[in-house]
Each structure stands twice: as C-alpha cells, then as structure tokens.
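# Summary of the model geometry
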Amino acid sequence: QVRLVESGGGLVQAGGSLRLSCTASGRTISSYTMAWFRQPPGKERDIVAVISQSGGSRYFGDSVKGRFTVSRDNTKNTVYLQMDSLKPEDTAIYYCALSFYCVGYACSAGAFGSWGQGTQVTVSS
C-alpha cells in the first residue's frame, strides 16, 4: 500500500508561483506513472499533468500548458508540480495520484487508484 502526501499549497496572487510536492511512503514510486489532478469548487476533478515512470514523457491539461511543469525525483520518492503565472481559475484542491497500471503518460483518470488527501491552492485576483 502506498501513501501520498501533498504539500506546498497556499494563497497566492494572480501571476504568482507555487510549487507543490507529493511524497510517497510505503512503496517506491519509480515504477509507476504519477499525476496531478485538481478539483475547483463545485466542479469535477480534472487532470492537470501526468508524468511517466522515468519522467521522460509528460502530459498537461490544455488549461495549464505553458504555465505548469511536472517533474519527479525518484530518489526522494517525490513528484513536483511547478505552477507559474497562476490565475484565479487555477483555484482548486490539488491531488497527487499514482497508477499501478498506466504505462507511459497517456492514461485516463480511472487508471489512478492511489490518491493523496489534497492541498488547497487559492489564487486571488
């Protein structure tokens, strides 16, 4: 069983930056595709970014392309989400997720079965 813990959320002004971290325990993440999702208030959870096992392949949701970057340090069992040029519409709870089944990065949300508790990101205008 793997436990995922997100950190780094908070309140930031529009145009600012935040870096989220997701640290895993209980299992080494190097063999697994990892992802970040977010759920804005009153809306469904959407995919933000996916990163393959080695970090060589990445996918970004259309709304964050060019502003967000995903990376991983398998030696630290940690995945990161660097968020730049933040907008008020980026306000959401951000979740880290792991897939035991996905190969590469082209996987649907249903492939991710392990989730963190989420971290709140609020962007003020």
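The coordinates are above.
Residues numbered from 1 in each chain as written. Predicted model: local features only at pLDDT ≥ 70, side-chain atom pairs only at ≥ 80, totals over all residues. Heavy atoms only, no water.

### Section: the nonpolar core
What counts, and what does not: Remark: nonpolar core denotes a set of buried residues (Ala, Val, Leu, Ile, Met, Phe, Trp, Tyr, Cys) joined through side-chain atoms within 4.5 Å. Exposure classes here rest on a 1.4 Å probe applied to the protein chains alone. A residue is buried below 20% of its type maximum, exposed above 50%, and partly exposed in between. By the criteria applied, helices consist of DSSP H or I runs no shorter than four residues and strands consist of E runs no shorter than two, each listed in order from the N terminus. The criterion used for residue contact is that any of the two residues' heavy atoms lie within 4.5 Å.
Met34, Trp36, Leu81, Met83 and Tyr94 are the most contacted members of the largest nonpolar core, which totals 28 residues. Broken down by secondary-structure element, the contributors of at least two residues to this core are strand E3 (18-25), strand E4 (33-39), strand E5 (46-51), strand E7 (68-73), strand E8 (78-83), strand E9 (92-99) and strand E11 (119-124). In contact with Leu81, other than residues within four places in its own chain, are Leu18, Arg19, Leu20, Trp36, Val48, Ala49, Phe68, Thr69, Val70 and Tyr94. Counting eight residues, the second-largest nonpolar core is a separate cluster that includes Phe37, Val50, Ala97 and Cys102.

### So, the pairing of E5
We count it as follows: At least two bridges found by DSSP between two strands are what make those strands a pair.
In terms of strand pairing, E4 meets E5 through five bridges, oriented antiparallel. Counterpart to Trp36 in the pairing with E5 is Ala49. Hairpin connection between E4 and E5: a loop of six residues separates the two successive antiparallel strands, and Gly42 in this loop has a positive phi of roughly 75°. Linking E5 to strand E6 (residues 58-60), which pair antiparallel, is a turn of six residues; within it Gly55 sits at a positive phi near 90°.

### Comments concerning the packing of aromatic side chains
Our working definition: Pairing of aromatic rings covers Phe, Tyr and the six-membered ring of Trp, with a centre-to-centre limit of 6.5 Å; geometry is then stacked below 30 degrees between planes, edge-to-face above 60, and tilted otherwise.
Within this structure, the stated rule accounts for three aromatic pairs. On the numbers, 5.5 Å between centres and 75° between planes, the contact of Phe37 with Phe112 is edge-to-face. Of this pair, Phe37 sits in strand E4 while Phe112 sits in the loop between E9 and strand E10 (114-115), and the two are 75 residues apart along the sequence. Of the residues examined, Phe37 reaches a relative accessible area of 1% and is grouped as buried. Seen in terms of ring centroids, Phe37 and Trp115 are 4.7 Å apart; in terms of plane orientation they differ by 55°. Their pairing is tilted. Note that Phe37 is positioned in strand E4 and Trp115 in strand E10, a separation of 78 residues in sequence. By the ring-pair criterion, three or more aromatic residues cluster together here, those being Phe37, Phe112 and Trp115.

### Some details on the state of the cysteines
The test is simple: The rule for a disulfide is simple: a pair of cysteine sulfur atoms within 2.5 Å.
Taken as a whole, this structure holds two disulfides when the rule is applied. Bridging Cys102 to Cys107, the disulfide has an S-S length of 1.5 Å. Every disulfide takes its handedness from the sign of the S-S torsion; for Cys102 and Cys107 that torsion is 85°, giving right-handed. Judged by its relative accessible area of 5%, Cys102 falls in the buried class. With a relative accessible area of 18%, Cys107 lands in the buried category.

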